[in-house]
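Residue-level structure breakdown
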Amino acid sequence: MQPPAKGWISLIRKSLNMTLRQLGDRLHITPQSAHEIELREANGTISIKALSAAAEALDMKLVYGFIPQDGSLEAMIEKRARTIATKIVSRTATSMKLEDQENSKERLSEAIEEMTQELKRELSSKLWD
């Protein structure tokens, strides 16, 4: 979800028909400083502390968190484990091919799947190297 171009503070303030002076009064700052807070949010340089204060001034609650790009932590781990498993199996397959002991594509796929499951079970910090 993309934040509004001018930021949430500005959008909510305007939706409530609240002026910069009114927001500034609630934050105990000048209207210009309230505007600067909105600008800092819009360009991504605002602190969590300032966001929290602005939320409170708007009678809101700040909710902060991380959402995995792949939809879930499980999917993220699966993707990373599969990437590493593919690299490991590919290196081994290359060595075996050079020794004239090449595996079939089906066997390579099975090996990647087995390695992926093993890496997921171990959940080693090496997944993130």
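Fair warning: this is a prediction, and the values are worked out from it, not measured in the lab.

Inspection of every chain in the model, using the stated rule, returns 9 salt bridges. Between Glu78 and Lys120 there is a salt bridge whose closest N-O contact spans 2.4 Å. Linking Glu78 in helix H5 (residues 73–98) with Lys120 in helix H6 (residues 105–122), this pair joins segments that are 42 residues apart in sequence. A relative accessible area of 24% means that Lys120 is categorised as partly exposed. A salt bridge links Glu113 to Arg82; its shortest N-O distance comes to 3.0 Å. Of this pair, Glu113 sits in helix H6 while Arg82 sits in helix H5, and the two are 31 residues apart along the sequence. Exposure remark for Glu113: the relative accessible area of 30% places this residue in the partly exposed category.

Attention shifts here to the layout of surface pockets. To find the voids left in a structure, one rolls a probe of water-molecule size over its atoms. Estimated volume of the largest pocket: approximately 860 Å³. Lining the largest pocket we find 25 residues, and of these Trp8, Glu41, Leu51, Leu62 and Val63 sit closest to its centre. For the lining of the largest pocket, the elements supplying multiple residues, two or more each, are helix H1 (8–15), helix H3 (31–42) and helix H4 (48–57). Residues of the lining of the largest pocket, tallied by class, amount to 18 nonpolar, 5 polar and 2 charged.

Attention shifts here to the packing of H1 against H3. Contact pair H1 / H3: the axes reach a minimum separation of 7 Å and the direction vectors enclose 130°. In terms of orientation, H1 and H3 fall into the oblique class. Taken together, the residues of H3 that come into contact with H1 (itself represented by Trp8, Ile9, Ser10 and Arg13) are Ile37, Glu38 and Glu41. Of the residues in the contact of H1 with H3, the class split is 3 nonpolar, 1 polar and 3 charged.

Time to look at the packing of aromatic side chains. Applying the stated criterion across every chain, the model contains 1 aromatic pair. With centroids separated by 5.9 Å and ring planes inclined at 75°, the aromatic side chains of Tyr64 and Phe66 adopt a geometry described as edge-to-face. In this structure Tyr64 comes out as exposed when scored by relative accessible area, which is 55%.

Further remarks concern the nonpolar core. Residues Ile9, Met18, Leu23, Leu27, Ala34, Ile37, Ile46, Ala50, Ala54, Ala57 and Leu58 constitute the largest nonpolar core, which totals 11 residues. Elements that contribute at least two residues to this core include exactly helix H2 (20–27), H3 and H4. In terms of residue count, H4 provides more of this core than any other element does, 3 residues in total. Apart from the residues within four sequence positions on either side, Leu27 is in contact with Ile37, Ala53, Ala54 and Ala57.

On to the environment of Ile88. Relative to the helices and strands, Ile88 resides in helix H5. For Ile88, a relative accessible area of 26% translates into the label partly exposed. Measuring from C-alpha to C-alpha, the distance between Ile88 and Ile112 comes to 8.3 Å, with 24 residues separating the pair along the chain.

Looking at the secondary structure, you find Ser10 in helix H1. Accessibility expressed as a relative area gives 4% for Ser10, which makes it buried.

The rules behind each value
- Residues numbered from 1 in each chain as written.
- Predicted model: local features only at pLDDT ≥ 70, side-chain atom pairs only at ≥ 80, totals over all residues.
- Heavy atoms only, no water.
- Salt bridge = Lys/Arg side-chain N within 4 Å of Asp/Glu carboxyl O.
- Helix = DSSP H or I, 4+ residues; strand = E, 2+ residues; numbered from the N terminus.
- Buried < 20%, exposed > 50% of the residue type's maximum accessible area, 1.4 Å probe, protein only.
- 1 Å grid on protein atoms, 1.4 Å probe; cavity = no way out; pocket = protein on both sides within 12 Å on 5 of 7 lines; lining within 4 Å.
- Points joined across faces, edges and corners; volume = space filled by probe spheres on them.
- Nonpolar A, V, L, I, M, F, W, Y, C, P; charged D, E, K, R; others polar.
- Axes fitted to C-alpha atoms, helices over the stretch in contact; angles between N-to-C directions.
- Parallel < 35°, antiparallel > 145°, perpendicular 65-115°, else oblique.
- Contact = heavy atoms within 4.5 Å.
- Phe/Tyr/Trp six-rings, centres within 6.5 Å; stacked < 30°, edge-to-face > 60°.
- Core = buried A, V, L, I, M, F, W, Y, C linked by side-chain atoms within 4.5 Å.

Note that all results are geometric; they support no functional claim without further evidence.
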